[in-house]
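Inside the fold
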Amino acid sequence: MPDWRAYVRDRLGSLSGSRAAEEGDDVARELSAHLEEFHAALLANGTPEAEAFSQTCARAGNWQELRREIISAKQEGTMRDRIRQIWLPGLITFMASYFVLCLLQRVGARPLYSHPGEPVGVIFYLPWLFLLPLVGAIAGYLSRRAQGDGWRVYLASCVPVLALGALFLVLFPVSFIVDKQVPLQTKVTTLVALMAGWVVLPGIALCTGVALQGLRKRQPIRRR
Amino acid sequence: MIRTELKRGTAELAILSVLENGPLHGYEIGRRIEQQSGGALHYTLAALYPLLYRMENRGWLHAEWGTGQNGKRRRSYRLLPRGRKMLKPMRAEWADLFRALRRVAKVTHA
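Residues numbered from 1 in each chain as written. Chains lettered and ligands numbered in written order. Predicted model: local features only at pLDDT ≥ 70, side-chain atom pairs only at ≥ 80, totals over all residues.

**What about the overall build of chain A?**
Scanning chain A for helices and strands turns up nine helices and two strands. Ordered by position from N to C terminus, the α and β elements of chain A give α-α-α-α-α-β-β-α-α-α-α. Looking at chain A as a whole, 33% of its 224 residues are labelled buried. (Helix = DSSP H or I, 4+ residues; strand = E, 2+ residues; numbered from the N terminus. Buried ≥ 20, exposed ≤ 12 C-beta atoms within 10 Å, placed from the backbone.)

See the structure below:
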């Protein structure tokens, strides 16, 4: 009996593209299982070994085309998965979290300061922080519904704070040009305070929501 | 003998149709299609598997590894509601095409 696994591996080579490469072993196992069964069926029907081998090889088709098509199919899936598991829930979380903040500010929610009276300090919007787990849970639900796994779900929920964090990091070097008179220590402290109040704490709140949503057991779908 | 290009177009409908009655692994999908079409439709791996992966990505099929009757690991494909929903319009589309071909090219049933 030919080693169909080795045969497929030889011809398929290593698949490029993140998902195709990750699943390369599974693909090779699946294709070799197909050829193995096809070959076994031919032998069982009385086809001579050499003829069965040649028919099985022909059944594979063009290996270059197969390789190209598999990579393309897997990449198509990767793009689609990223959009459904990260970017779409991330966008919704982004809009929802800042909509909630605007709403709270409209109804008169006041921020808390870690160092009242000081020019720099961590700013807390407590009601916002308490509501963010709910927003995180929505992101978790949307991402998991699209078969998102661990880190993708958390990344989707953290899009709002990561965007803000990136903005702060971009603006930090700009402050050296714009605010030349402000001492470096003040600038660094301000960056740390902004990161803590607008990135780390809200990020923790969002991730808490994702974690809690993950704990919820899936209810069986009732069919009519 | 049906040409490869023609067969390719039929593969989606053929795969969804054979999966309508229950999950099957790749080899079995190919075998059923060949058997039910009287040998007219048989797909190479290059035609079958990329399409299965695409259909899985679109949420038409769900694939999972399991152990077959012979004790070997097999990846079987199950039709999802979204895939089942595609069957009706696809069948209607092919029926339209055959009607049109009958009118234009005088194609008749054998």
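Structure shown, so let's carry the discussion forward.
**A closer look at the environment of W94(B)**
Looking at where W94(B) falls in the secondary structure, it is placed in helix 4 (residues 81–105). Taking the C-alpha atoms as reference points, W94(B) and T10(B), separated by 84 residues in sequence, lie 8.8 Å from one another.

**Remarks on the pairing of strand 3 (residues 73–79) of chain B**
Residues and elements named next belong to chain B. Here strand 1 (residues 24–25) pairs with strand 3 via two bridges, running antiparallel. Bridging across to strand 3, L24 finds its partner in Y77. Examined bridge by bridge, strand 2 (residues 61–67) and strand 3 share seven bridges and lie antiparallel to one another. Note on strand 3: the bridge partner recorded for W65 is R75. (Pairing = 2+ DSSP bridges.)

**A closer look at helix 3 (residues 45–57) of chain B**
All names here are of chain B. Here helix 3 spans 18 Å end to end across 13 residues, near enough to the 18 Å set by a 1.5 Å rise per residue. Taken residue by residue, helix 3 has L45, A46, L48, Y49, P50, L52, Y53 and M55 as its buried positions. A positive backbone phi angle near 80 degrees is found at G59, which sits one or two residues after helix 3. (Expected span 1.5 Å × (residues − 1).)

**A few points about the nonpolar core**
Within the largest apolar cluster, 32 residues are counted, with the highest numbers of intra-cluster contacts made by L31(A), I15(B), L19(B), L45(B), Y49(B), L52(B) and L61(B). Residues within four places of L31(A) in sequence aside, it is in contact with V8(A), L45(B) and Y49(B). Counting residues in hydrophobic clusters, the runner-up holds 25 residues, among them Y125(A), L132(A), A139(A) and V161(A). (Core = buried A, V, L, I, M, F, W, Y, C linked by C-beta atoms within 7 Å. Contact = placed C-beta atoms within 7 Å.)

**Brief notes about the environment of R54(B)**
One can find R54(B) in helix 3. Those residues within four positions of R54(B) in sequence are excluded, and the remaining contacts are A73(A) and E76(A).

**Focus on the interface of chain A and chain B**
Taken together, the contact pairs 20 residues of chain A with 15 residues of chain B. The element that contributes the greatest number of residues to the side of chain A that touches chain B is helix 5 (residues 63–106) of chain A, accounting for nine residues.

**Remarks on the environment of L42(A)**
Residue and element names in this part refer to chain A. Assignment of secondary structure puts L42 in helix 3 (residues 24–44). For L42, a count of 19 C-beta atoms within 10 Å corresponds to the partly exposed category. Remark: the alpha-carbon pair of L42 and T56, spanning 14 residues in sequence, is separated by 8.5 Å. Every residue in contact with L42, bar those within four places of it in the chain, is listed here: T47, A52, Q55 and T56.

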